[in-house]
Structures are given as structure tokens and as C-alpha cells.
Amino acid sequence: MKNNILQKVLLVILLIFFSVISNGQYAVFYAIWIFTTMLLFAVRKLPRWQGFLLAFLVTGIVYYIGFDVVPFLPISISIIIAIIFSLLTSLPYLIDSFFSKNRKSFQSTLIFPCAFVLIEYAYHQFNQYGSWGHFAYTQQTQHILLQSISVFGMGYITFLIAWFASVSNWVYDQRYEGRNVKKGVLIYGLVLGLTLMYGAYRVQFQNSNSETIRIASISALDSLKVGIDLQGINNKETENEAIIETKRNTSKLNQYLFDISIKEAEAGAKIVFWAEGNGVILKEDESELYDQAREIAYTQNIYLGLGIAVIDPANSRFLENKFVLFDRNGKKVMDYWKGISVPGAEAPISNNKTTGIQKIETDYGTIAGAICFDLDFPNYLKEAKGSDILLAPSNDYKEIDQLHTNMAKFRAIEQGFNLIRQASLGHSIGTDYTGKVISEMNHFTDTSKVLITQLPTKGTKTIYAVIGDSFIVFCIFLLGLVIIVLKRKRIGRKAS
């Protein structure tokens, strides 16, 4: 009796420990595999609705701790998001409980992972924060495993994690049936083994070996950051003074960025671009800024990309968040407006029009651009397929420093482009299309705020870019097929 109580206490302690490091800001790659396995085991030991409640409470706490990284969100909103996430994430455990009488069959191990993949996919289609919290992100350090998303997308990694949990519990239940255990382990091992073999092959033999181009991506110095006195500008008594002060500050900021751009061009950079919103300009001075950029791009013979915040004080939605690119002839070839504004802080003040991801043909391959939060939405980034290089001006904050940048690598692997994500107040990286980090810079420790990257000029066509989310459709059919097979087996047993 005493040993039984100690075992349960130990299980709870271990479950809590692995839950905290399973996802989000404290994630360790192996923890999600262990945590999901242990939670499934614990849920199965309880009556159905008690098990569902356990899963709901644990996953809700896990999500809140792991993703308590948005300082501008009220606590009430963070709690609501955690409740919605945990409610949906608990459903696969509930669905699994309806097949408790079929657990001797190895086919039953597919119920839990299929349900998990489908519910997670549905959640992230409607989640206003995109793919935040997706299980696949917990594996960002596993370079070889991640190559599988170039074929099946992120849902496949979720499938492997959830199936591992299901198979592990099945092996425990079948521990006295040696032959069955060997077959089950062999099947899962074969799938995982082939996955890792493909990943190793892609990293070793399909990695980019094309020519490289020197790209300089720039963030402004913190001391030059500009605040706009909108109230002062919109007040007739203080309007002139506020406008003069604003123009003085923005001129100093933008000139610094132009000077650094020229310096990097003279050092050999062929593409130079600024981080998200690092250039700031009043709407009435926007065309003058472009004229200056046009001249520099032409005289320096570079592609020059401006990450700019255009401020229109007359509009209640005063922010236009843009990435504007000029070619070597000084021609504006990209006028991209941020596709998806961050809910809560950015969306209420943004006046972004829909442009879609734009691509241009250059001597350095096909170049596309997207801004920061856009990269959290895999479906949106499908518009960038066929690109060789994606320039991603971004702006973060310390709480999501590394976490957010790691998420961006997944888009490069999925769509087969080489990536530079320049993040002011964050972690900047350059990666090839396998997600291998080529260059990186921490805004909080680097004094220059300039990232230099020798980036490959040729991307690749991925299977995922062609077939899209076909794996999700496969899981729908697989779930239906397994349910039918298990039902027939059950009927057969009753008849005999």
C-alpha cells in the first residue's frame, strides 16, 4: 500500500517536471516525448472524464507557464488562450478513452496520434497567433528529424511524438506478450528510422552547395529609436513644434541607417536591408525617403530593403508597416505591407493593405520578403514557395528572443528557401533551406547591430511545397480506416 502511494507521488512529480520543460520557453526536445507518454498513461488509469480533466488541467498549466511571454497581453487574455489550447489539446486523450476495449490491437495505437494531429491542425488554422505552441517547435534542435517537414509538414512530427506515446503505453500493456511487443516496436522503429535516414540524407547530400551572396542586415542602435508624439502632432497648439521634433529625430535615425547601408555596400554586400520598422518616417515625407533610398541603391549597385514604419497622424490606424526593396538601378521592385498584424499590440494601430508575398527575379535568384509575425503562419508562407531567398525584417522583445527566431527556421525547411531574419530586440539568423544556421546575432550583446551572412543563392523545391498538407488528409483517412477495422474486429469477437 505504501509503495503504491509512493509510486503515484513519484509519477505526479515526474509528470509535473517534464510538463514544465515540454513546450514553450523552457522546452527541452526530449521532454515532450516523455511528458506525452506519461500523461497518456496517467489518463488511462482514471475514469474517462477524470482523465480528461487531468489532461485539461496539466496541459493548461503547461501552456500558461511555457508561453507566458507576451508582456502586453492582460493576464485574463493569457488565461483564456491557455484554456482554449488545453481544452483542444485534451480532446485526443478523451477520444483515446473511447477505444479502451481495443487496446490489445496494435492498430489502436494510431487513434491517439491521428486525433492529435487533426485537432492540433484545426486549432492552428483558427488561432490568431498562428502556429505558436505547435508540438513540432519543441524539436527545433533536432536538425535531422526536422527535415521530415520538407515532405509532410509540422504535423508529421506531432504524429511521431503522439504515436511514440501510444506505442510506449501499448508495449507496457503487452509486456508479457513478447512476440507482439517485438512487432510493434519494429513497426514504429522502422518508421522513425526511415524518417531519420531521410533527414540524414537531406542534410548530407541535399544541402545547398550553390554560390553565396554577401547580405548585410541592419538594426538601428537603441539610442536612436524614435517615439512619435501623435497627441502633440494632432494638437493645433503644439503641432508645429511636435512635427519639427519628430522630423529631426526620424532624419537622424534614417540617415544613420543609410550611412551603415553604404558602409556595408562598400564592404562588399550585394543586398542590404533593415529590420522591421527600424526606419521611421511621417507619411508626408515618405516619397523623399524613397528618393534617397533609390539614389543609394543605384550609386552603390545594391539591392536596398527598407524596413519602415510609416506614420500617418491623421489616421486612427496610424501605422503602415512596410518592407520596400529597391534594385541596383534604383527601381522600387517590392512594396510589401505586413500581411498579418500582431493581435493586441499592433493590430489596433495598423493600416496595412493586403499585398500578398511578393517575389522578384534577380541575378541572385528569386527573392521574396515577409515581415516578422507573418512567418508564424505556415499557410501564408506557402505564397513564398519557389523563392531562393526570403528576407524577413523582424522586431521582437526579450521574452521571445530565441523562441520566435527558432520558429522561422521551419518555414525555410518547409518551402525550400534560404532565410535571413533580422530581428531588432531579438535574435537574428541566416539559414540555408535545411534550417542550418549560417550566421546569427544577439541584439542584446552585439554592439554593431549588423548581421553579415554569406547566403546561398539557390533554394530547392520541397515535396511539402508541392503536396501541401496532404499528410493531414492522410490522417483523416487513416483514423477512419482504423476505427472501421477495430469495430469489425470487435463485432467478430462478439459473434464468435
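Residues numbered from 1 in each chain as written. Predicted model: local features only at pLDDT ≥ 70, side-chain atom pairs only at ≥ 80, totals over all residues. Heavy atoms only, no water.

### Quick notes on the overall build of the protein chain
Argument step 1. Looking only at helices and strands, one finds 16 helices and 13 strands in the protein chain.
Argument step 2. Computed over the C-alpha atoms, the radius of gyration of the protein chain is 26 Å, within 12% of the 23 Å expected from 2.2 N^0.38 for a compact globule of 496 residues.
Argument step 3. C-alpha atoms of the protein chain, sized along the principal axes, occupy 85 × 55 × 35 Å.
Argument step 4. Counting all 496 residues of the protein chain, 55% fall into the buried class.
Argument step 5. In the structure as shown, the protein chain presents an accessible area of about 22,400 Å², 60% of it carried by carbon and sulfur atoms.
Argument step 6. Averaging the coordinates of the 47 positive side-chain charges in the protein chain and doing the same for the 41 negative ones gives two points 19 Å apart. (Helix = DSSP H or I, 4+ residues; strand = E, 2+ residues; numbered from the N terminus. Rg over C-alpha atoms; globule rule 2.2 N^0.38 Å. Buried < 20%, exposed > 50% of the residue type's maximum accessible area, 1.4 Å probe, protein only. Areas by Shrake-Rupley, 256 points an atom, 1.4 Å probe, with all protein chains shown as cover. Lys, Arg positive; Asp, Glu negative; His and termini not counted. Charge placed at Lys NZ, Arg CZ, Asp CG, Glu CD.)

### Notes on unusual backbone geometry
Argument step 1. Within the chain, Cys372 stands out as a residue other than glycine whose phi angle is a positive 40°.
Argument step 2. Checked against the element boundaries, Cys372 lands in the loop between strand S8 (365-369) and helix H13 (378-381).
Argument step 3. In this structure, Lys449 is a non-glycine residue whose phi angle is positive, near 65°.
Argument step 4. Note on placement: Lys449 falls in the loop between strand S12 (437-442) and strand S13 (450-456).

### Re the pairing of strand S7 (residues 359-362)
Argument step 1. The alternating pattern of S7 places Ile360 and Thr362 on a buried face and Lys359 and Glu361 on a face that is not buried.
Argument step 2. Strand direction decides the pairing type here: S7 and S8, joined by four bridges, are antiparallel. Along S8, the bridge assignment pairs Thr362 with Gly365.
Argument step 3. Here S7 hands over to S8 after two residues, the two strands then running antiparallel side by side. (Pairing = 2+ DSSP bridges.)

### Quick notes on the pattern of salt bridges
Between side chains of opposite charge, a pair can form as their charged atoms come close.
Argument step 1. Throughout the structure, instances matching the rule amount to 17 salt bridges.
Argument step 2. Close ionic contact of Lys283 with Glu320 constitutes a salt bridge, the shortest N to O distance being 2.9 Å. Of this pair, Lys283 sits in the loop between strand S3 (279-282) and helix H12 (286-300) while Glu320 sits in strand S5 (residues 319-326), placing them 37 residues apart in sequence.
Argument step 3. In this structure Lys283 comes out as partly exposed when scored by relative accessible area, which is 32%.
Argument step 4. What makes Glu320 buried here is its relative accessible area of 4%.
Argument step 5. One salt bridge in this structure joins Lys338 and Glu346, with 2.9 Å as the shortest N-O distance. (Salt bridge = Lys/Arg side-chain N within 4 Å of Asp/Glu carboxyl O.)

### A word on the environment of Tyr290
Argument step 1. Within the fold, Tyr290 resides in helix H12.
Argument step 2. Ignoring any residue separated from it by four or fewer positions in sequence, one finds Tyr290 in contact with Leu306, Ile308, Lys322, Val324, Phe326 and Lys332. (Contact = heavy atoms within 4.5 Å.)

### Quick notes on the sheet that holds strand S11 (residues 427-431)
Argument step 1. Overall, mixed pairing links the six strands, which are arranged S7-S8-S9-S10-S11-S12 in an open sheet. Only two strands of the sheet have a single partner each, and these edge strands are S7 and S12. Taken over all neighbouring pairs, the strand axes of this sheet differ in orientation by 20° on average, direction set aside.
Argument step 2. The strands that helix H14 (residues 401-415) touches are strand S10 (418-424), S11 and S12; relative to S11, the one it contacts most, it runs at about 20°. (Axes fitted to C-alpha atoms, helices over the stretch in contact; angles between N-to-C directions.)

### Some details on the environment of Pro348
Argument step 1. By the element assignment, Pro348 lies in the loop between strand S6 (332-337) and S7.
Argument step 2. C-alpha of Pro348 to C-alpha of Phe318: the two residues are 30 residues apart in sequence and 9.4 Å apart in space.

### So, the pairing of S5
Argument step 1. Of all eight residues in S5, eight are buried; the element is thus mostly enclosed.
Argument step 2. Pairing geometry for strand S4 (residues 303-311) and S5, over eight bridges, is antiparallel. Of the residues in S5, the one forming a bridge with Ala309 is Asn321.
Argument step 3. In terms of strand pairing, S5 meets S6 through five bridges, oriented antiparallel. Note on S6: the bridge partner recorded for Val324 is Asp335.
Argument step 4. The loop that links S5 with its antiparallel partner S6 comprises five residues; one of these, Gly330, has a positive phi angle of about 85°.

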